[in-house]
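Fold and geometry: a report
The lines below spell out each chain.
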Amino acid sequence: MSVDSSAAGKPRRSAAGKAGTTGSKTGTKRTTRTTTRTTTRTTTKQSTDPELVQLLTPEGKRVKNAEYDQYVAGITPDELRGLYRDMVLTRRFDAEATALQRQGELGLWASLLGQEAAQIGSGRATREDDYVFPTYREHGVAWCRGVDPTNLLGMFRGVNHGGWDPNSNNFHLYTIVIGSQTLHATGYAMGVAKDGADSAVVAYFGDGASSQGDVAESFTFSAVYNAPVVFFCQNNQWAISEPTEKQTRVPLYQRAQGYGFPGVRVDGNDVLACLAVTKWALERARSGEGPTLVEAYTYRMGAHTTSDDPTKYRADEEREAWEAKDPILRLRRYLEASNHTDDGFFAELEAESEALGRRVREAVRAMPDPDDFAIFENVYADGHALVDEERAQFAAYQATFADVEGA
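Residues numbered from 1 in each chain as written. Predicted model: local features only at pLDDT ≥ 70, side-chain atom pairs only at ≥ 80, totals over all residues. Heavy atoms only, no water.

A few words on the packing of helix H2 (residues 77-102) against helix H3 (residues 116-123). Angle between the axes and distance between the axes: these two values describe a pair of packed helices. Axis separation between H2 and H3 bottoms out at 10 Å; the angle between their running directions is 130°. Viewed along their axes, H2 and H3 adopt a mutual orientation that is oblique. In this structure, H2 meets H3 at a crossing whose hand is right-handed. Of the residues in H3, those touching H2 at Leu83, Asp86, Met87, Thr90 and Arg91 are Glu116, Ala117 and Ile120. Across the contact of H2 with H3, the residue classes break down as 4 nonpolar, 1 polar and 3 charged. (Axes fitted to C-alpha atoms, helices over the stretch in contact; angles between N-to-C directions. Helix = DSSP H or I, 4+ residues; strand = E, 2+ residues; numbered from the N terminus. Parallel < 35°, antiparallel > 145°, perpendicular 65-115°, else oblique. Left-handed = near helix turned anticlockwise from the far one by under 90°. Contact = heavy atoms within 4.5 Å. Nonpolar A, V, L, I, M, F, W, Y, C, P; charged D, E, K, R; others polar.)

Attention shifts here to the packing of aromatic side chains. All chains considered together, the criterion is met by 30 aromatic pairs. When the centroid spacing of 5.8 Å and the interplanar angle of 50° are considered together, the rings of Phe376 and Phe394 count as tilted. Taken as a pair, Phe376 in the loop between helix H12 (343-366) and helix H13 (385-406) and Phe394 in helix H13 lie far apart in primary sequence, 18 residues in all. Members of the aromatic cluster, connected to one another through ring pairs, are Phe93, Trp109, Phe156, Trp164, Phe171 and Tyr174. (Phe/Tyr/Trp six-rings, centres within 6.5 Å; stacked < 30°, edge-to-face > 60°.)

We now examine a nonpolar patch on the surface. Together, Phe221, Val224 and Tyr225 line one region of the surface with nonpolar side chains, adding up to about 340 Å² of accessible area. With respect to the element layout, Val224 can be found in helix H8 (residues 213-224). For Val224, a relative accessible area of 62% corresponds to the exposed category. (Patch = residues over 30% accessible without salt bridge, like charges linked within 9 Å, V, L, I, M, F, W, Y side chains within 5 Å. Areas by Shrake-Rupley, 256 points an atom, 1.4 Å probe, with all protein chains shown as cover. Salt bridge = Lys/Arg side-chain N within 4 Å of Asp/Glu carboxyl O. Buried < 20%, exposed > 50% of the residue type's maximum accessible area, 1.4 Å probe, protein only.)

Turning our attention to helix H9 (residues 271-286). For H9, which comprises 16 residues, the first-to-last C-alpha distance of 22 Å matches the rise-based estimate of 22 Å (1.5 Å per residue) to within 8%. The distance from a side-chain oxygen at the start of H9 to the backbone nitrogen of Leu272 is 3.1 Å, and the residue carrying that oxygen is Asp270. (Expected span 1.5 Å × (residues − 1). Polar contact = N/O pair within 3.5 Å; in protein donor to acceptor, adjacent residues only side chain to side chain.)

Counting 67 residues, the largest nonpolar core has Tyr84, Leu153, Tyr174 and Leu331 as its most contacted members. Take this core: its biggest share by element is 11 residues, from H9. When near neighbours in sequence (up to four residues on either side) are disregarded, Tyr84 contacts Ile328, Leu331, Arg332, Leu335, Phe345, Phe346 and Leu349. Counting residues in each nonpolar core, the second largest holds 19 residues, with Ala185, Val201, Phe219 and Phe231 among its members. (Core = buried A, V, L, I, M, F, W, Y, C linked by side-chain atoms within 4.5 Å.)

The backbone of Asn339 sits at a positive phi, close to 55°, despite the residue not being glycine. Tracing the backbone shows Asn339 in the loop between helix H11 (327-337) and H12. Using a relative accessible area of 68% as the deciding quantity, one classes Asn339 as exposed. With a phi close to 60°, Asn378 is a non-glycine residue in the positive phi region. With respect to the element layout, Asn378 can be found in the loop between H12 and H13.

And the structure:
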């Protein structure tokens, strides 16, 4: 992976992402073999920590893992720097979007702060011919798929319904309805299997969505039809204000057992572990072994969206404990301890980060203002009296602001 890039260009797919080609290929032949493996224990976890796959500790120390080391064994220092660059630039973009919302340029924003490793690690594990179905928070995955960051912002400004062609990057439009994208992914994966392709599908969702019936139906269909899909759940501990323990009595990854396919819990703040586990899951899918559930155990450092106030339902001490597990700091410590980088790299990346921030600001401010009355259009084909009444009421409400401005 190269460190430098044009501030106006697309982020380039890294060698770490292309390494997903290690998945075995069987052409049109697909098997129905299943596996009973559910998770792997890390030998360095503390007794109070959950059972999960970890390759980098919060202190940046490399942990050996007999099952998953092979999926990152060939990673180069340049590729490691590329993963670090991906996370830094994704966080910078996210921070800029949050600031733009606070300045009134965006109507809403869903931050990924703290979840960079889960998204970059899994995103770089995909191949170009894989297809991704995101929620509304997968800004890091969009970056890995080559979607220009500025294209993510039109929907949140209210000027379009997505902003990019899904088929150009095999990256579906953001899905606001909770959990429905898992059904889309399952159906698409079933089609991929019928076409005889060896590509795979990834469906992203959160711990809150795991309680939705759509997700349960997706698990059922994908298992029965042996669909080549990876369900990637980012368990950031909070479904808005509802903690995970109020949604399930067992760890989320164990739910896969009831449907007949494997589940794995991975350290979602460890970019190497997320990369390795996702590669493994994608390899299973491509070789005809069916679906996998990956639970990335991470933490939402910010608010659910910019309309949320997390201080009302969670303690500062909880966030502080997770700050010590920061995914970017973790990889930086490993890079420095391994002598894989120098001050020049970080200075160059800081300049690139600032350039990205400027480009995002300029792009958003160049966008047109949303059409205030577009919401009333195309509701009914032939119009409707109630919609006409609501439009008139809204127009009268808007007119009150004009009076204030003219006073």
